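One letter stands for each residue in the lines below.
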Amino acid sequence: MPGYLGRRLLMTIPILIGVSIVIFATIKIIPGDPVASMLGPTGSPEARAALHARLGLDNPLPVQYFSWLGHTLTGDFGTSITRHDAVAPIVLDALVNTLVLTVAAGALAIVLGLLVGALTGLRRTGIAARLGNAFALFSISVPQYSIGLLLIIYLASNAGLFPVSGMHNPNGDGGFVDLVNHLILPAVTAALVPAGIIARMFRSSVLDVMSMDFVEALTARGLSRARVMRHAFHNTVPSLLTVAGLQVGYLLGGVVFVEAVFAWPGIGLLVYQSITQRDLPVIQAGVLVSAFAFVLINLVVDALHGLVDPRIRT
């Protein structure tokens, strides 16, 4: 196991370097001059040239990349153009808020996906199986932002059951109950697509495992249905870990629309606002942190996969 983890960790390093190159190049392609945004329309050409030189923007791109990477590795993401503050604490606060939403939505998606996948995999016919298949198809097909808007209109605005937006009530104490109350609608919205994908993948795994010879052999030996099902579900764990890990990673980087609709102060909303304000240092740091978190989540999933299935360590 330590050798397998070491190999996976070494494979992660070039992936992270490649991600950083893509993000740096993408930010350079975006039209607009960050110096012009920092100085405003009244900045003189001499002041712009001086700031270009001070920030190192007149250096060749490889020099700029390695300079940016060196500062990033020390936790220095630069200064926000619009907030005039260090980028690192801004991104860190937003990342924590996104992790809260991701954990809640991920747990909900896994529970829903497992229930629906097991139901539709074990019972191929009947009303329950049809409803489960319809739920999986619906959750994958419908855009998240439209579901979010419907929940806001009917459950928040009309019924008043939940807050319309935000993470805490500005006039309340901001306690755990207040956080959960604000969290329910965005978590449900963010969990729909991953829940549908997990349900369909888990259904396929259950169908494959239930058609294997060992299930028939265990049944012929007189084992109870519950014990047969336990052995069958144990064989679906590796595929379940893979798809669940990918979906949690997707949630971490793909909740931009959900955070924008519900004004959830996470990293998705931060990057969205920074794009509209052309705050390039915050965009760069936000996308980089999200991408690194996605890679690290996949590393953890691979480690768990190797733990439950020794065959893949070779």
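Residues numbered from 1 in each chain as written. Predicted model: local features only at pLDDT ≥ 70, side-chain atom pairs only at ≥ 80, totals over all residues. Heavy atoms only, no water.

## A look at the packing of helix H7 (residues 144-158) against helix H8 (residues 176-210)
Here is the rule: For every element, the axis is a line fit to its C-alpha atoms; helices are fit only across the contacting stretch, and the angle between N-to-C directions ranges from 0 to 180 degrees. Note on conventions: DSSP H or I runs of at least 4 residues are helices, E runs of at least 2 residues are strands, and numbering of each starts at the N terminus. Here the word oblique covers every angle except those under 35 degrees (roughly parallel), over 145 (roughly antiparallel) and from 65 to 115 (roughly perpendicular). Here a crossing is taken to be left-handed if its near helix is turned anticlockwise relative to the far helix by less than a right angle, and right-handed if that turn runs clockwise. What makes two residues a contact is simply this: any of their non-hydrogen atoms within 4.5 Å. Amino acids outside the nonpolar list (Ala, Val, Leu, Ile, Met, Phe, Trp, Tyr, Cys, Pro) and the charged list (Asp, Glu, Lys, Arg) are all regarded as polar, and Gly is one of them.
Where H7 meets H8, the axes come as close as 9 Å, and the angle between the chain directions of the two elements is 150°. In terms of axis orientation, H7 runs roughly antiparallel to H8. Of the two possible hands of crossing, H7 and H8 adopt the one that is right-handed. Of H8, the residues touching H7 (which contributes Gln144, Ile147, Gly148, Leu151, Leu155 and Ala156) are Leu185, Val188, Thr189, Ala190, Leu192 and Val193. Tallied by class, the residues present in the contact of H7 with H8 amount to nine nonpolar, three polar and no charged.

## Points about the environment of Gly113
Threshold: Under the scheme applied here, a residue whose accessible area is under 20% of the maximum for its type counts as buried, over 50% as exposed, and between as partly exposed, the area being computed with a 1.4 Å probe on protein chains only.
Following the sequence through the fold, Gly113 ends up in helix H5 (residues 87-122). What makes Gly113 buried here is its relative accessible area of 0%. Here the alpha-carbon distance between Gly113 and Gly266, two residues 153 residues apart in the chain, equals 25 Å. Those residues in contact with Gly113 that lie beyond four places of it in its chain are Ala195, Ile198, Ala199 and Phe202.

## Quick notes on helix H4 (residues 61-73)
Worth spelling out the cut-off: The span one expects for a helix is its residue count, reduced by one, times 1.5 Å. The arc under discussion is defined with respect to the helix axis, by the directions toward the C-beta atoms.
Taking 1.5 Å of rise per residue, the 13 residues of H4 would be expected to cover 18 Å, and the 18 Å separating its terminal C-alpha atoms lies within 8% of that figure. Within H4, the full set of buried residues consists of Gln64, Tyr65, Trp68, Leu69 and Thr72. Along H4, the residues classed as buried sweep out an arc of 130° about the axis, all on the same side. Exposed and facing more than 90 degrees away from the buried side of H4 are Pro62, Phe66 and Leu73. Each element contacted by the buried residues of H4 is listed here: helix H1 (2-29) and helix H14 (280-308). Gly75 sits one or two positions beyond H4 and adopts a positive phi of about 85°.

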